[in-house]
Amino acid sequence: MSKHALISPSRSERACKCLGSTLAEAGLPDTAGPAAVEGSAAHAIAAYNLECSMFPAAATPAAWVGKMTREYLEYEPDEDDPRVGDVVITEEMMEGIDLYTSYVWEQTASRPQAELHVETKVAISSISEDISGTADAIIDEPFGDLHIIDLKFGRTLVEVDNNYQLSYYGLAALETFDKLLDHQRVLLTIVQPRGFHPHGPIRTIEKTKDELTGEWYPKFAGTYENVESQKNGFIEPEYLPGDWCDWCKNKLTCEALTSVVQEMALTEFEDADEDKRHDILGKTKAVEKYIEALKEWAHGELLQGSKVPGYKLVQTLGKRKWKDEEALEAHLGADIYRKVVQSPAQLKKHLGKEQHEAIEALCERVPGAPRLVKDTDKNPEYVAPSINDFEGDE
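The text that follows walks through the structure, step by step, so that each part is easy to find.

## Topic: unusual backbone geometry
(1) Moving on: Notably, phenylalanine 143 is not glycine yet its phi reads approximately 60°, a positive angle.
(2) Moving on: Since its relative accessible area comes to 61%, phenylalanine 143 is described here as exposed.
(3) Moving on: In the Ramachandran plot, asparagine 162 falls in the positive-phi region, its phi being about 50° despite a non-glycine side chain.
(4) Moving on: Assignment of secondary structure puts asparagine 162 in the loop between strand E3 (145–151) and helix H7 (164–177).

See the structure below:
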């Protein structure tokens, strides 16, 4: 298998929905941001813990908080990106990793005949060896379940339903481990420790082999055939901007996305009818990501000493801090302190896991401000209070 698959799992939704994106991205450098780098570090530590620990999975030792990832692993987790090894281990990172590894081991232990495969290369070989990727964890139970578990360390919610990446892994795992056609069902699981979801951090859907194959195989096969036809010059690439533009490496030079941005910029809100506003609203995420990428590009160019006409970098004001806290206390005494009740998160960190249950029993989650999402979001719809709800308040 090639190091970079033509259609990788993480890019599969974009490849299927924007058919021209695959070849447009080919050869472009990866530009992982800080969040992606941190996620890579968490995945490396999680895989290491699973491969080295016996059940039950040992928690990442607390003594490693504040240390670099490469120190913990004793090797360079990503030779192409040294930033991954530089990631400092935090308590939040450890808790998220432990949630994932504990779940994987529990699921494996509940199936005595099962075999656990960690960071395993799989491919939908019947389409092409170039439709391949590395699955975080696969539990292979002969004549039982084939369970694919995907760790998501980001905070942006990832739904398990209609998930292209998970379904891709499911098909590839079937072709790799279902040689005897013995698996009864396929389980697809997302473990997302840091994304608040109404169904919790661990979410699973169950599919029969026929359901998974019937729904998803034609999508990936059709996409691959289309991309091959583009490569051979039989058809022209088609581009479709949407939410999937988020991580596209070609978005700054994509003519289709640029056209959408220009159209929105030239549209007067007051002159747009309701249908036009709805159409624009559906494209805002792609446009916002385009603008973010444009700003990052300009910032990077200026940092490197290049010129961006009409723009420059300026030094921002940092936060003020005390030069000498001991001298401050000697001068002002106890007046510099104030008694403040720590937040639930702060107390959890200070008191440790053994007090988590007691802390949860003594706190409540206050509803935040309503936010705008698509109607496919799994959270319950916000109900605005009526005028009657305020009667009698005076």
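## Overview of the nonpolar core
(1) Moving on: The biggest cluster of nonpolar side chains holds 31 residues, and the ones touching the most others in it are Ile7, Ile124, Ile138, Ile148 and Phe220.
(2) Moving on: Of all the secondary-structure elements, those providing two or more residues to this core are helix H1 (12–17), strand E2 (132–140), E3, H7, strand E4 (185–191) and helix H8 (209–231).
(3) Moving on: Ranked by residues supplied to this core, first place goes to H7 with 9 residues.
(4) Moving on: Other than its neighbours up to four places away in sequence, phenylalanine 220 contacts Ser12, Cys16, Ile124, Ile127, Tyr164, Ser167, Tyr168 and Leu171.
(5) Moving on: Counting 29 residues, the second-largest nonpolar core is a separate cluster that includes Val37, Met94, Tyr100 and Ile139.

## Considering the environment of serine 167
(1) Moving on: Inspection of the secondary structure assignment puts serine 167 in helix H7.
(2) Moving on: Relative accessible area serves as the criterion here: at 4%, serine 167 is assigned to the buried category.
(3) Moving on: Beyond its immediate sequence surroundings of up to four residues, serine 167 is in contact with Leu188, Leu212, Trp216 and Phe220.
(4) Moving on: Only 2.8 Å separates the side chain of serine 167 from the backbone oxygen of asparagine 163, close enough to count as a polar contact.
(5) Moving on: Among the polar contacts listed, one links the side chain of serine 167 to the side chain of tryptophan 216, at a separation of 3.2 Å.

## Some points on the pattern of salt bridges
Where charged atoms of side chains with opposite charge meet at close range, the side chains can pair.
(1) Moving on: Scanning the entire structure with this criterion turns up 20 salt bridges.
(2) Moving on: As a salt-bridge pair, glutamate 25 and arginine 14 come within 2.9 Å of each other at their nearest N and O atoms. Here the residue glutamate 25 occupies a position in helix H2 (residues 21–25), and arginine 14 occupies one in helix H1, the gap between them amounting to 11 residues. This pair shows no difference in class: glutamate 25 is buried, exactly as arginine 14 is.
(3) Moving on: Aspartate 150 is the salt-bridge partner of lysine 152, the closest N and O atoms lying 3.2 Å from each other.
(4) Moving on: Look at lysine 152 and you get buried, because its relative accessible area is 17%.
(5) Moving on: When salt bridges that share partners are traced, they join Arg111, Glu141, Asp145, Arg185 and Glu206 into one network.

## Focus on the packing of aromatic side chains
(1) Moving on: Considering all chains together, one arrives at 7 aromatic pairs under this definition.
(2) Moving on: What links up through ring pairs into an aromatic cluster is the set Tyr164, Tyr168, Tyr169, Trp216 and Phe220.
(3) Moving on: In this structure, lysine 67 is placed above the aromatic ring of tryptophan 64, and the distance from its NZ or CZ to the ring centre is 5.2 Å.
(4) Moving on: Between the NZ or CZ atom of lysine 219 and the centre of the ring of tryptophan 216, over which it lies, the distance is 4.2 Å.

## As for the side chain of aspartate 136
(1) Moving on: Among the structural elements, aspartate 136 can be located in strand E2.
(2) Moving on: In this structure aspartate 136 is buried but unpaired, with lysine 152 as the nearest side chain of opposite charge at 6.5 Å.
(3) Moving on: Only 3.2 Å separates the side chain of aspartate 136 from the side chain of histidine 43, close enough to count as a polar contact.
(4) Moving on: Each residue touching aspartate 136, except ones within four places of it in the same chain, is listed here: His43, Tyr100, His117, Val118, Glu119, Ile149, Asp150 and Leu151.

The rules behind the values
Residues numbered from 1 in each chain as written. Predicted model: local features only at pLDDT ≥ 70, side-chain atom pairs only at ≥ 80, totals over all residues. Heavy atoms only, no water. Buried < 20%, exposed > 50% of the residue type's maximum accessible area, 1.4 Å probe, protein only. Helix = DSSP H or I, 4+ residues; strand = E, 2+ residues; numbered from the N terminus. Core = buried A, V, L, I, M, F, W, Y, C linked by side-chain atoms within 4.5 Å. Contact = heavy atoms within 4.5 Å. Polar contact = N/O pair within 3.5 Å; in protein donor to acceptor, adjacent residues only side chain to side chain. Salt bridge = Lys/Arg side-chain N within 4 Å of Asp/Glu carboxyl O. Phe/Tyr/Trp six-rings, centres within 6.5 Å; stacked < 30°, edge-to-face > 60°. Lys NZ or Arg CZ within 6 Å of the ring centre and 35° of its normal. Lys, Arg positive; Asp, Glu negative; His and termini not counted.

The values are spatial; any link to function lies outside them.
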